[in-house]
Each structure stands twice: as C-alpha cells, then as structure tokens.
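Structural overview for review
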Amino acid sequence: MKAHLIGGGFGGLAAAALLIRNAGVAGQDITIYEADERLGGGFFLDGSPQSGYNLPGSIFDREFRCAFDLLATIPTEANPKISVKEQLFTFNREHPFDDQTHIVDRDLRTVHGPRYGLSWSDGFALARLSLTPEAWLDGRRIEEFFSPKFFETEFWLLWSTLMGSLPQHSVVEFRRYMNRFVYLFPDLSTMAHVLRSPFNQHEAFVKPLVAWLEPRRVNFLTGTFVKDIGFESSPGRITVNRLDYERGGAAALGHRRAGGYRAVDDRVAGG
Ligand SMILES: Cc1cc2nc3c(=O)[nH]c(=O)nc-3n(C[C@H](O)[C@H](O)[C@H](O)COP(=O)(O)OP(=O)(O)OC[C@H]3O[C@@H](n4cnc5c(N)ncnc54)[C@H](O)[C@@H]3O)c2cc1C
C-alpha cells in the first residue's frame, strides 16, 4: 500500500506516523506533499519584523487523546528515553498553570468579574445555541445570535482571543468549539486545566515527529502545491486516481498505479 498525504501540518505528520506504527505501512511508501518550504503547518514558528511573526500556540487540551496516544511513542530530541507525552505531562505537573491576570483594562486593573460579565440573557443565548441542531445554523453568523453587549463582555474577549472567533464568523464553528470546550468555561480566566508545552508547539511536537519519520524514509515533498485531485467513478467508494501538483514552478502529474501513484517526474515523488 502506498499513502499520499496532502499537507505536512501536525495532521499529515501524525497520519504518516500512525500509518507506520498502527498499519505497518513502510515509511518509503508514504509521501507528504507540503506547499510550504517547511513542515508543521499552523505550528510553524517564524517571522521577521517586516513580515510579522507567527507564534504558534502552546496549549494542549487534556482530551487530545489520539495525539497523546501517538506522542507517547515519539521520543524527545533531548532524551530518547523520554517520550514527548511524558515530557509534556511532567512539565505541567511541575509547572501547573494558574493565570492570575488574563485581561487588564487601560488602567492596568485586572478584569475578572462574576460570570465573566455575562448577563442571564447571554447565558440563555449560549445555552440555546449549544442545543440548536447544527443543520439549522448553516450560513448564519455568530453576531446574529447575541446582543451587541455580549461582544463587550469579558467572556467574549477571553473566548475570541483564545479561539480566534470574530462576530462575523460562522456560528456553526462557534457552536462546535463551545460544545467541545465547555468544560473549560469555569477556568477561562485562569486557564488552570489546559496543558502548556514546554516550548512552542513546533519545537515540542513537530520537530520530534519529523525526527521520528525521517529515518523511516517518509518522502517529504516540501514546496509542493497540490493543485487538483482526480476521482475515479466507482460507486460506493471514493477512489482518487490523479494528483496534480506543482513543485519549484514545474507542474507534475501523479497517475494511479497498482497500490499507489507514480509521478510523471520520478525525481519528485519517488513513487
Ligand atoms: C494563531 C494560532 C494559534 C493556535 N494555537 C493553538 C494551540 O495553542 N493549541 C492547539 O492545539 N492548536 C492551536 N492552533 C490550531 C492548530 O494550529 C491547528 O489545529 C493545527 O495546525 C491543525 O493541523 P493540520 O495539520 O490539520 O492543519 P495545518 O496546520 O493548517 O496544516 C495544513 C498544511 O497543509 C498545507 N497545505 C494546504 N493546502 C495544500 C495543498 N493544496 N498542497 C500542499 N499542501 C497544502 C499547508 O501549507 C499546511 O502546512 C492554533 C492556530 C493558530 C492559527
């Protein structure tokens, strides 16, 4: 079996590692196509004063069970006997998080009031939204469900800076995040129950994962943008039979062969 993964973010890297570890796929039969020159997707740490910086988060949720299952078998770079998971949990045990000040006003006073500044009607609106079936929310925006005052509350400031939400964003996404992270509500201002990685997420998770995949000879095609995928007509199942991608300004085409794709340009995909 050959596997072709589009995107070398944490998701693509984790998929490659799981294919090797759980499904017994050989690393050399896995190809990761990554548009960027570097791996890590949203977890990359980079920038300059001119272009601005991407500072990946350092928060991990205790319920990221699949990630922890994987990271338990990925050694840290500093000590191969210590797994990435063990390093993360040890760090959090030794340095428990308890933010005393999350938001300050213009006079540098801590902003933290009862119920995060939410009124009862805000609370009802949140509960109503949480219980509304997703199918009824298609195409609607967050701002349609709350009063303008809601967007001035401490809750909204905490939530929007944590989750990247804006009032005009999809209410479906907002609802999914809310239902997924509702257990964090009591600790939103102290962040007491989230896990912090000892370094930024690129150093903490992406580098050790790549270091584990490289000696297993996974093909990393960085700087490779997948432009299109073709589908075979096969009732009852979805089969991809073509990948169009561009690498270093040159177009390439991968065709399906028994068990995988073979790039027209063999240097590129090693297919
Ligand atoms: C500012 C910010 C802070 C965050 N903080 C946290 C945090 O603290 N904790 C946390 O758990 N999560 C955090 N996240 C979310 C986290 O970054 C994502 O959940 C994670 O990166 C998703 O991984 P992914 O591999 O699915 O997607 P991505 O990381 O987005 O990776 C997708 C990759 O696919 C590549 N790609 C896309 N299209 C193509 C194509 N056509 N051809 C080839 N390559 C392609 C992209 O270049 C990218 O490298 C944060 C996100 C942001 C933006």
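Residues numbered from 1 in each chain as written. Predicted model: local features only at pLDDT ≥ 70, side-chain atom pairs only at ≥ 80, totals over all residues. Heavy atoms only, no water.

1. A look at the domain arrangement of the chain
According to the domain assignment, the chain contains domain 1 (3-93 + 198-222) and domain 2 (114-191). Contacts between domain 1 and domain 2 engage five residues on the former and five residues on the latter. The contact between domain 1 and domain 2 buries some 300 Å² in all, and 54% of this surface belongs to carbon and sulfur atoms. A per-residue breakdown of the area domain 1 buries against domain 2 is headed by Ile59, Asp61 and Glu63, which together make up 84% of the total. Across the contact surface, domain 1 and domain 2 share one salt bridge. Between Asp61 and Arg180 there is a salt bridge, with the nearest N and O atoms lying 2.6 Å from each other. (Domains from an automatic or database assignment. Contact = heavy atoms within 4.5 Å. Buried area = accessible area lost by both parts, 1.4 Å probe. Salt bridge = Lys/Arg side-chain N within 4 Å of Asp/Glu carboxyl O.)

2. Side note on the site of the ligand
Among the 19 residues in the neighbourhood of the ligand, the closest are listed as Gly11, Glu34, Gly42, Ile59 and Val226. Between the ligand and Phe10 there is a distance of 3.2 Å, counted from an oxygen atom to a backbone nitrogen or oxygen. In this structure, Glu34 approaches the ligand through a side-chain N or O atom, which is 2.6 Å from an oxygen atom. In the complex, the protein chains occlude 55% of the 990 Å² of accessible area that the ligand would expose alone. Where the shell around the ligand is concerned, the elements lending two or more residues are helix H1 (10-23), strand E2 (30-34) and strand E8 (224-232). For the shell around the ligand, the leading source of residues is E8, giving three residues. Classifying every residue of the shell around the ligand by side-chain character gives nine nonpolar, nine polar and one charged. (Near = heavy atom within 4 Å. Polar contact = N/O pair within 3.5 Å; in protein donor to acceptor, adjacent residues only side chain to side chain. Areas by Shrake-Rupley, 256 points an atom, 1.4 Å probe, with all protein chains shown as cover. Helix = DSSP H or I, 4+ residues; strand = E, 2+ residues; numbered from the N terminus. Nonpolar A, V, L, I, M, F, W, Y, C, P; charged D, E, K, R; others polar.)

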